Amino acid sequence: MTREEFRTLAEERIIFLDGATGTNLQKAGMPVGVCPEQWILENPKVLIDLQKRYVEAGTDILFAPTFTANRIKLEEYGLQDKLEEMNRKLVELSKEAAGGKALIAGDLTMTGEQLYPLGELQFEELVEVYKEQVQVLLEAGVDLFVVETMMSLQECRAAVLAIRELCDLPVMVSLTYNEDGRTLYGTDPATAVVVLQSLGADAVGMNCSTGPDAMLSPVAEMAEYATIPLLAKPNAGMPELVDGRTVFNVGPEEFAEAGRKLAEAGATILGGCCGTTPEHICALKEAVKGIPVRKPLERKRRVLTSERKSVEIKLDGNFMVIGERINPTGKKKLQAELKEGSLNLVRTMALEQEENGAQILDINMGMNGIDEKEMMLRTIYEVTSTVDCPLCIDSSHVDIIEAALRIYPGRALINSISLEKEKFEKLLPIAKKYGAMFILLPLSDEGLPKDSEEKHSIIRTILEEAIRIGMTKEDIIVDGLVATIGANPKAALECFETFSYCKNELELPTACGLSNISFGLPERTYVNTAFLTMAIANGLTMAIANPSQELLMNAAFASDMLLNKPESDIRYIERMNFLAEKYAGMERVMVPSGAANVAPAGEKGQEKTGSGVFQAVLKGNKEHILDEVKVLLEQGEKPDAIINGHLIPAINEVGELFDKKKYFLPQLISSANTMKIAIEYLEPMLERSSGEAMATIVVATVEGDIHDIGKNLVVLMLKNYGYNVIDLGKDVPAEVIVDTAMKEDAKVIGLSALMTTTMMRMKDVVELSKEKGCTCKIVIGGAAITESFAEEIGADGYSKDAADCVKLVERLLA
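Residues numbered from 1 in each chain as written. Predicted model: local features only at pLDDT ≥ 70, side-chain atom pairs only at ≥ 80, totals over all residues. Heavy atoms only, no water.

Moving on to the sheet that holds strand E14 (residues 360-363). Within a sheet, adjacent strands bond to each other through the backbone by hydrogen bonds, running parallel or antiparallel. Here we have 8 strands laid out as an open sheet, ordered E19-E18-E17-E16-E15-E14-E13-E20, and parallel in their pairing. Among the strands making up the open sheet, the edge pair consists of strand E19 (510-511) and strand E20 (542-545). In the sheet, strand E15 (residues 391-394) pairs with strand E16 (residues 413-417) via 3 bridges, with the strands oriented parallel. By the bridge assignment, Ile-393 is partnered in E16 with Ile-414. Relative to strand E17 (residues 437-440), helix H18 (residues 452-468) is tilted by about 160°, and along the sheet it contacts E16, E17 and strand E18 (476-479). (Pairing = 2+ DSSP bridges. Helix = DSSP H or I, 4+ residues; strand = E, 2+ residues; numbered from the N terminus. Contact = heavy atoms within 4.5 Å. Axes fitted to C-alpha atoms, helices over the stretch in contact; angles between N-to-C directions.)

Below is the structure:
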């Protein structure tokens with residue numbers, strides 16, 4: 001099937017996918033703890049019969065049961081050497097079941113390993129892992145691909161790139177979302193759609209983790225941004241415990257009615273996940289008969305994203321700032337730190353610029369004495385873990401821009417692409433491949449344009465080529481190319497002409513570097529500010545500037561208000577309130593969403609919440625946490641006082657920010673790892689100064705479940721709070737968990753399960769614990785786990801995340 005054929009089919013009618021595989025195989029006798037793919041190959045008739053029933057129910061696309069048949073997952077069972085044979089045979093089984101009446105999708109999913117910098121797995125290694133599986137699936141003859149049940153947008157990117165670099169078959173991508181409407185890593189539905197459709201996905205959507213009704217709002221949100229078909233594959237409700245069995249409470253008719261609403265909300269590719277059966281798919285197909293297909297947007301919206309935030313660029317929207325500070329040019333202190341390999345100042349600059357109102361951050365590492373590419377990649381990892389702003393990749397080297405775009409976990413802006421031969425010919429295809437927007441710089445190999453007519457001609461030439469290779473005008477922002485007023489008295493007027501021309505005739509947003517206009521003049525800020533207000537009135541969309549320059553920023557907010565831009569009056573008032581709070585509360589904690597400064601690290605008499613140790617944990621500053629700890633030790637603070645007075649309050653603050661959705665998983669992990677470094681340094685001193693031992697806690701992922709991202713974070717957080725944590729790993733039998741807890745005199749057992757098919761193993765632990773007389777409190781958590789499930793199986797508590805688990809344990813032990 002070609003991508004064009006897939007698109008046409010999705011625009012003509014609803015496409016029906018299959019329903020659950022795992023829960024139905026378990027009903028048919030597949031035991032917990034086995035490799036599902038291996039069991040299917042040993043029991044092929046079960047899979048063939050199930051998929052034949054799906055085809056008879058009306059399924060158009062069957063998912064080949066290659067879900068976890070990648071190298072990393074198969075290593076869990078010692079089957080990595082069987083990857084090629086297993087994937088090939090699994091596709092053959094689905095083809096036999098389809099009988100030519102349904103298409104076969106090669107099915108990829110997450111590996112269970114965290115990507116760097118949260119884990120050890122490098123992005124390029126993950127791409128290669130997916131490529132291994134994709135190549136075999138291609139040779140086996142799949143018709144298209146599906147990347148499903150994904151929690152990480154960056155892992156989705158790796159899978160899509162792996163597929164796109166090997167073939168041009170259609171690709172569907174589906175993520176799972178928590179109750180708060182975000183993935184485990186903090187990605188919202190709109191951001192996922194923007195990133196993945198820009199990267200070359202042919203359909204995007206969601207599956208698992210929730211029932212059909214809970215998918216209505218996310219699907220509607222996706223539809224506001226989608227230029228490709230949307231997919232919805234919900235569970236048959238949430239799992240419940242009935243007579244000792246996990247059941248899904250939404251029957252075929254109820255499921256089908258909710259599926260009809262999903263179609264009306266914008267989903268044109270429908271199926272079922274956990275708990276659904278061929279009867280669910282049959283009822284679904286019947287229920288959506290006659291519903292007109294909701295077509296995707298014909299014209300994309302101009303949106304840049306990070307992994308956790310989208311920023312829309314509107315021609316008539318409020319003025320925007322691209323923060324310019326992370327650039328070593330003319331910054332001796334930053335240059336010195338970069339030569340030492342330190343990114344402390346980069347992190348600080350990122351936080352300050354986001355706090356001061358920059359919507360996008362420019363990243364430039366161009367200087368002598370460093371490996372620019374290596375430093376660019378390190379900086380992207382650091383900044384994306386620190387702030388939520390989308391990034392602008394700024395380099396004069398094509399290879400550095402491509403390397404940065406490849407690992408960037410969102411949709412970036414390139415600064416810039418000109419008509420100079422190398423950039424024009426090489427960077428435009430790179431921008432298209434990675435789905436980036438770019439700043440069009442109206443320069444050519446001849447140098448600066450001699451007048452506005454030549455400048456506008458260059459703009460049109462680059463625009464036409466971008467459209468020819470498959471990009472759109474919504475991918476482009478034009479640089480006004482600001483000249484110096486001292487050398488060209490008409491420099492400002494020529495820029496105003498370009499801003500107006502781009503906005504009114506070409507419908508293109510514009511940007512510029514403000515400071516060039518005033519080069520060589522005294523008191524440049526006044527010139528820059530006057531130029532900015534006039535430029536905004538003439539259609540300027542954004543500028544690369546320093547957001548800490550308050551005169552400039554305040555003038556921009558006031559200009560928007562005077563031009564009656566949407567909600568600009570409210571934004572102006574909020575800006576003034578922000579500044580009033582900033583100067584009234586210098587002692588307050590500075591966080592990415594806050595507005596206050598702090599006293600210097602280690603200063604005598606300062607508030608503990610303003611200490612360097614506190615701030616290092618709050619901002620995930622792993623490089624300097626030990627320096628700050630040593631400052632406090634030299635000042636006479638005891639190790640236990642540092643832990644209780646600085647580290648614990650800091651990680652508590654991080655937990656609060658996480659609860660308020662101001663921090664997400666990357667920041668939580670970064671802060672927890674920073675605290676871990678300090679704890680490990682202080683522990684030997686604590687042993688000499690305090691003999692009091694904390695409670696022992698045994699933590700494990702239950703038998704049959706090989707996912708441990710959430711469990712690992714719980715272990716890290718509990719250790720940081722001083723508990724003696726015994727981590728038994730993943731796929732751990734109930735007997736091992738309970739016996740270890742009794743042997744080690746543990747006070748709490750913590751259980752994790754990601755999959756609905758392994759939830760009941762938690763009940764096994766609870767029952768075995770009672771049977772053996774174990775007095776441990778048992779707490780549970782995981783993607784499909786709920787408070788009611790914890791009560792039903794007799795657990796002592798449920799925690800929704802790692803930060804909540806710490807609070808729960810404290811309550812239970814109090």
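Still more ground to cover, so stick around.
Within the element layout of this structure, Val-160 appears in helix H8 (residues 153-164). A residue is classified by how much of its surface remains accessible, and Val-160, at 0% relative accessible area, is buried. Through-space distance from the C-alpha of Val-160 to that of Phe-255 is 30 Å; in sequence the pair is 95 residues apart. If we ignore the near neighbours within four places in the chain, the residues touching Val-160 are Val-171, Val-173, Leu-196, Leu-199 and Ala-201. (Buried < 20%, exposed > 50% of the residue type's maximum accessible area, 1.4 Å probe, protein only.)

Looking now at the pairing of strand E5 (residues 171-175). Of all 5 residues making up E5, 5 are buried, and the element is well covered by its neighbours. Of the two faces of E5, the one holding Val-171, Val-173 and Leu-175 and the one holding Met-172 and Ser-174 are both buried throughout. As defined by bridge partners, strand E4 (residues 144-150) adjoins E5 across 4 bridges and the pair is classed as parallel. The partner of Met-150 across the bridge, within E5, is Leu-175. With H8 bridging E4 and the parallel E5, this β-α-β connection has right-handed handedness. Sheet topology places E5 next to strand E6 (residues 203-207); 4 bridges connect them, and they run parallel. Note that in E6 the partner of Ser-174 across the bridge is Gly-205. At this point the chain moves from E5, through helix H9 (residues 189-199), to the parallel E6, and the crossover so formed is right-handed. (Right-handed = clockwise from strand over helix to strand, strands pointing away.)

Within soluble globular proteins, side chains that are nonpolar generally end up buried alongside one another. One finds Phe-438, Phe-531, Leu-647 and Met-717 to be the most contacted residues of the largest nonpolar core, which totals 219 residues. It is helix H26 (residues 665-689) that provides the largest number of residues to this core, a total of 10 residues. Excluding residues within four positions of it along the chain, Phe-438 makes contact with Leu-413, Ile-414, Ile-417, Leu-428, Ala-431, Ile-462, Ala-466, Met-471, Asp-475, Ile-476 and Ile-477. If you look at the next biggest cluster of nonpolar residues, it comprises 31 residues, including Ala-734, Leu-751, Met-762 and Ala-790. (Core = buried A, V, L, I, M, F, W, Y, C linked by side-chain atoms within 4.5 Å.)

Let us look at the packing of helix H27 (residues 709-720) against helix H31 (residues 802-813). Close contact between H27 and H31 brings their axes to 9 Å; oriented N to C, the two are set at 50°. As summarised for this structure, H27 and H31 are arranged oblique, according to the angle between their axes. Crossing of H27 over H31 shows right-handed handedness. Residues Leu-713, Val-714, Met-717 and Leu-718 of H27 pack against Ala-802, Ala-803, Cys-805, Val-806 and Val-809 of H31. For the contact of H27 with H31, a count of residues per class yields 9 nonpolar, no polar and no charged. (Parallel < 35°, antiparallel > 145°, perpendicular 65-115°, else oblique. Left-handed = near helix turned anticlockwise from the far one by under 90°. Nonpolar A, V, L, I, M, F, W, Y, C, P; charged D, E, K, R; others polar.)

Now for the environment of Pro-278. Following the sequence through the fold, Pro-278 ends up in helix H12 (residues 278-287). Judged by its relative accessible area of 5%, Pro-278 is buried. Taking the C-alpha atoms as reference points, Pro-278 and Ile-407, separated by 129 residues in sequence, lie 40 Å from one another. Every residue in contact with Pro-278, bar those within four places of it in the chain, is listed here: Leu-50, Arg-53, Tyr-54 and Ala-57.

A few words on the packing of aromatic side chains. A full pass over the atoms with the stated rule returns 2 aromatic pairs. Between the aromatic rings of Tyr-116 and Tyr-381, the centroid separation amounts to 4.9 Å while the plane-to-plane angle is 85°, which identifies the pairing as edge-to-face. With Tyr-116 in the loop between strand E3 (103-108) and helix H7 (123-140) and Tyr-381 in helix H15 (residues 372-386), the pair connects residues that are 265 residues apart, well separated along the chain. Judged by its relative accessible area of 37%, Tyr-116 falls in the partly exposed class. (Phe/Tyr/Trp six-rings, centres within 6.5 Å; stacked < 30°, edge-to-face > 60°.)

In this section: H9. Counting buried positions over the 11 residues of H9 gives 11, a clear majority of the element. For H9, the complete set of buried residues consists of Pro-189, Ala-190, Thr-191, Ala-192, Val-193, Val-194, Val-195, Leu-196, Gln-197, Ser-198 and Leu-199. At the N-terminal boundary of H9, the capping side chain belongs to Asp-188, with an oxygen 3.2 Å from the backbone nitrogen of Ala-190. Phi for Gly-200, located one or two positions after H9, is positive at around 120°. (Polar contact = N/O pair within 3.5 Å; in protein donor to acceptor, adjacent residues only side chain to side chain.)

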